[in-house]
Every structure is written in C-alpha cells, then in structure tokens.
Amino acid sequence: STKEKQQVSNVIKKQPVSLINLLWLGISFFAFFILLIFSLPWLIFQWFSYKAKNTKAVSKKAYWSYTAAAYYCNQLGFSRDDTSPTQFAKDKIDARFKTNFTSFMHVYLKSKYSKEALTSSEVATVQNFYHPFYKTLKDKIPFKERFSKFLNFYRTINFFSKPKI
C-alpha cells in the first residue's frame, strides 16, 4: 500500500507539463482578469451600497449614501461634470426621476461643512434617502440599459479621477 502510493506520486511528479495545459491555464487567467475588469464597477457599487445601507452614524451614513448615489448615477451616464452637487441633484436627477436628491444634498452638505447639528427632520432625511432613491432609479431604468452602462469601465475611472483645473 505504501509502495503503491510512492509509485503513484513518482509517476505524477515525472509527468511533463503539457503545452495544452499551459495554454488552458493562460486562457483561464486571462478570462478571469477580463471578468474582474468588467465586474469591478458593479463590485465597487455593491461596496458603496453596503456602506450606505449599514452605516449607523448619521454623518457617515450621509457620506456613504451620497457616494453610492453619485456613483450609481455616474455609472448610469449622469455625471456631475462641472456642476455643483446641488445643481446636479436638482437639474439632472430630480428633474428626470422625481427623487428627493436635492433635499438630501442640502442635508449632506450641511453635515459635511457645518458645525451645526442636524435637526431631527434632517436626520430622518439622511436615514430615509438611499433605498428609495436607488429603487426609483432601478425601476425607471431598464435592466438591459443598467447592465450595459455598468460594463463601461471608463465611467468608473471618470468617477474617481479629479477634474483638471
């Protein structure tokens, strides 16, 4: 029994690596890399969405909700470009989708730049913003369109690159 195991292990060790196996290994790594590149925008969005849904502290929840919403809009072709966050929310998103992005944006900017504490209604705005916003855009934009736009890796790069002044 021990001799048989040693003989089998010796046979396995002595087999040369075939060119076909190397080719399949190379194709597999290449396919995995391509799949990773194309799924990266979706994976980034899943991370932002997770943080927006599960963060408890109000100022951090406002930040992650804004980041997730802005990234989602960017991937769907609605980039902020050279507009202010409030103009972007009002003119590009709320005008088209009838969301409350503008009112959320006011609260988010207050939590980011003001030393003043948020009121209870502003806290409620932060707590109740992200899920309905995401659902509204998801319901109004067909799956095929969302899927194809999320495959565009250049939008992801655009979201993370700073504008040149």
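Note that the structure is predicted; figures quoted are calculated from it, not measured.

A few points about the overall build of the chain
- Looking only at helices and strands, the chain has nine helices and zero strands in total.
- Taken from N to C terminus, the helices and strands of the chain fall in the order α-α-α-α-α-α-α-α-α.
- Within the span of the chain, comprising 165 residues, buried residues form 31% of the whole.
- The contacts of the chain with a sequence gap of at least 6 include a subset with a gap of at least 24, amounting to 60%.

Digging into the pattern of salt bridges
- Throughout the structure, instances matching the rule amount to five salt bridges.
- With a shortest N-O distance of 3.4 Å, Asp81 and Lys92 are connected by a salt bridge. With Asp81 in the loop between α3 (58-75) and α4 (85-97) and Lys92 in helix α4, this pair connects stretches of sequence that are 11 residues apart.
- Note on Asp81: relative accessible area 54%, which makes it exposed.
- The partner of Glu116 in a salt bridge is Lys110, and the shortest N-O contact between them spans 3.4 Å.
- You can call Lys110 buried: its relative accessible area is 17%.

Quick notes on helix α5 (residues 101-113)
- With 13 residues, α5 extends 18 Å from end C-alpha to end C-alpha; this agrees with the ideal 18 Å at 1.5 Å per step.
- Restricting attention to buried positions, one finds in α5 the residues Phe101, Thr102, Phe104, Met105, Val107, Tyr108, Lys110 and Ser111.
- Where α5 is buried, its residues contact α3, α4, α6 (120-127) and α7 (130-140).

A closer look at the packing of aromatic side chains
- In this structure the tally under the stated criterion is 24 aromatic pairs.
- A centroid spacing of 6.3 Å and a plane angle of 15° characterise the contact between Phe104 and Tyr108, whose relative ring orientation is stacked. Taken as a pair, Phe104 and Tyr108 lie in helix α5 at a separation of four residues, close to a single helical turn.
- By relative accessible area, Phe104 is classed as buried at 0%.
- On the basis of relative accessibility, which here comes to 5%, the residue Tyr108 falls in the buried class.
- Counting every residue linked through ring pairs, the aromatic cluster contains Tyr66, Phe88, Phe101, Phe104, Tyr108, Phe129 and Phe133.

Concerning a nonpolar patch on the surface
- A cluster of nonpolar side chains, contributed by Phe30, Phe33, Ile34, Phe38, Phe143, Phe147 and Leu151, occupies part of the molecular surface with about 720 Å² of accessible area.
- Mapped onto the nonpolar patch, the elements with two or more residues apiece are α2 (19-54) and α8 (143-150).
- Mapped onto the secondary structure, Phe143 falls in helix α8.
- Owing to a relative accessible area of 56%, Phe143 belongs among the exposed residues under this scheme.

The rules behind each value
Residues numbered from 1 in each chain as written. Predicted model: local features only at pLDDT ≥ 70, side-chain atom pairs only at ≥ 80, totals over all residues. Heavy atoms only, no water. Helix = DSSP H or I, 4+ residues; strand = E, 2+ residues; numbered from the N terminus. Buried < 20%, exposed > 50% of the residue type's maximum accessible area, 1.4 Å probe, protein only. Contact = heavy atoms within 4.5 Å. Salt bridge = Lys/Arg side-chain N within 4 Å of Asp/Glu carboxyl O. Expected span 1.5 Å × (residues − 1). Phe/Tyr/Trp six-rings, centres within 6.5 Å; stacked < 30°, edge-to-face > 60°. Patch = residues over 30% accessible without salt bridge, like charges linked within 9 Å, V, L, I, M, F, W, Y side chains within 5 Å. Areas by Shrake-Rupley, 256 points an atom, 1.4 Å probe, with all protein chains shown as cover.

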